[in-house]
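# Breakdown of the fold
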Amino acid sequence: MAKIILDACAVIAFFRGEIGDDIVANYLFDDGFQCLIHSVNLCEIYYDFLRSSGQAEAENMLTDLESVGVQFNSDISVDFWKQVSRYKANIRRISLADCFALTLANREGGILVTSDRKEFEPVVPLNICQINLIR
């Protein structure tokens, strides 16, 4: 089963019906994929929903992700956050939160799904993990 690591922007695109939402939906609803998201990236989404739609919608989003089997990963071990820091120090133009998704994808041998073309296109040639840009 292929592991899919969801970046915050991909999940937001799915819930908001933005370009690329169909790709994310395919991963979420196909039993051939195991979807994971790091808690830091989930925090980004929760914050976005709180700000734009309120607490009830933010909670509904969490419930919806859990109901389709998305696994929330909360690894914040020393080895994990050190790898996050190394990516941030060496890549630089990538956000710290995106480095959590990148580290999770690398550790899980998964495909990172994102719409952040600006931040992730320069990462593709580094071969840290497979990256699927949804738009």
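Before reading on, note that the structure itself is shown above.
The present account deals with the structure reproduced in this document.

Scoring rules and cut-offs
Residues numbered from 1 in each chain as written. Predicted model: local features only at pLDDT ≥ 70, side-chain atom pairs only at ≥ 80, totals over all residues. Heavy atoms only, no water. Helix = DSSP H or I, 4+ residues; strand = E, 2+ residues; numbered from the N terminus. Buried < 20%, exposed > 50% of the residue type's maximum accessible area, 1.4 Å probe, protein only. Polar contact = N/O pair within 3.5 Å; in protein donor to acceptor, adjacent residues only side chain to side chain. Contact = heavy atoms within 4.5 Å. Salt bridge = Lys/Arg side-chain N within 4 Å of Asp/Glu carboxyl O. Phe/Tyr/Trp six-rings, centres within 6.5 Å; stacked < 30°, edge-to-face > 60°. Lys NZ or Arg CZ within 6 Å of the ring centre and 35° of its normal. Pairing = 2+ DSSP bridges. Patch = residues over 30% accessible without salt bridge, like charges linked within 9 Å, V, L, I, M, F, W, Y side chains within 5 Å. Areas by Shrake-Rupley, 256 points an atom, 1.4 Å probe, with all protein chains shown as cover. Axes fitted to C-alpha atoms, helices over the stretch in contact; angles between N-to-C directions. Left-handed = near helix turned anticlockwise from the far one by under 90°. Nonpolar A, V, L, I, M, F, W, Y, C, P; charged D, E, K, R; others polar.

Right, let's get into the side chain of Ser115. As for its position among the elements, Ser115 is in the loop between strand S4 (111–114) and helix H7 (117–120). Under the relative-accessibility criterion, Ser115 is labelled buried at 10%. Within the structure, Ser115 has its side chain in polar contact with the side chain of Arg135 (distance 3.2 Å). With residues up to four places along the chain from it excluded, the contact list for Ser115 reads Cys9, Ala10, Ile134 and Arg135.

If you walk through the whole model with that rule in mind, you get five salt bridges. The partner of Glu108 in a salt bridge is Lys3, and the shortest N-O contact between them spans 2.5 Å. Here Lys3 lies in strand S1 (residues 2–6) and Glu108 lies in helix H6 (residues 96–108), a separation of 105 residues in the sequence. Judged by its relative accessible area of 26%, Glu108 is partly exposed. We classify Lys3 as partly exposed; its relative accessible area is 25%.

It is worth spelling out the packing of aromatic side chains at this point. Each pair of aromatic rings is reported with the distance of its centres and the angle of its planes. For the structure shown, the criterion picks out five aromatic pairs. For the pair Phe14 and Phe15, a centre-to-centre distance of 5.1 Å together with 75° between the ring planes defines the contact as edge-to-face. For Phe15, a relative accessible area of 24% translates into the label partly exposed. Connected via pairs of aromatic rings, a cluster forms that spans Phe14, Phe15, Phe29 and Phe49. When the ring centre of Phe49 is taken as reference, the NZ or CZ atom of Arg16 above it lies at 4.7 Å.

Every buried residue belonging to helix H1 (residues 8–16) is among Ala8, Cys9, Ala10, Val11, Ile12 and Ala13, and all of these are buried. Where H1 is buried, its residues touch S1, helix H2 (21–29), strand S2 (33–38), helix H3 (39–53), helix H4 (55–67) and S4. Just downstream of H1, Gly17 is the residue with a positive phi angle, here 70°.

With that settled, consider the pairing of S2. Of all the six residues making up S2, five are buried; the element is thus mostly covered by neighbouring parts of the structure. Note: S1 against S2, four bridges, orientation parallel. What sits directly across from Ile4, in S2, is Cys35. Judged from the three bridges that link them, S2 and strand S3 (residues 71–73) form a sheet pairing that is parallel. Looking at the pairing, Leu36 lines up with Gln71 of S3.

Turning to unusual backbone geometry, a few remarks are in order. One non-glycine residue, Asn127, adopts positive backbone phi at about 55°. With respect to the element layout, Asn127 can be found in the loop between H7 and strand S5 (130–133). Among the residues examined, Asn127 registers a relative accessible area of 66% and is labelled exposed.

All right, on to a nonpolar patch on the surface then. A cluster of nonpolar side chains, namely Ile76, Val78 and Trp81, defines an oily patch on the protein surface of about 280 Å² accessible area. Relative to the helices and strands, Trp81 resides in helix H5 (residues 78–91).

The geometry of a pair of packed helices is captured by two quantities: the angle between their axes and the separation between those axes. Across the interface, H3 lies against H4 with an axial gap of 7 Å and an inter-helix angle of 145°. Classified by chirality, the crossing of H4 by H3 is right-handed. For the pair formed by H3 and H4, the contact residues are Leu42, Ile45, Tyr46, Phe49, Leu50 and Ser53 on the first element and Gln55, Glu57, Ala58, Glu59, Met61, Leu62 and Leu65 on the second. Class assignment of the residues belonging to the contact of H3 with H4 gives a composition of nine nonpolar, two polar and two charged.

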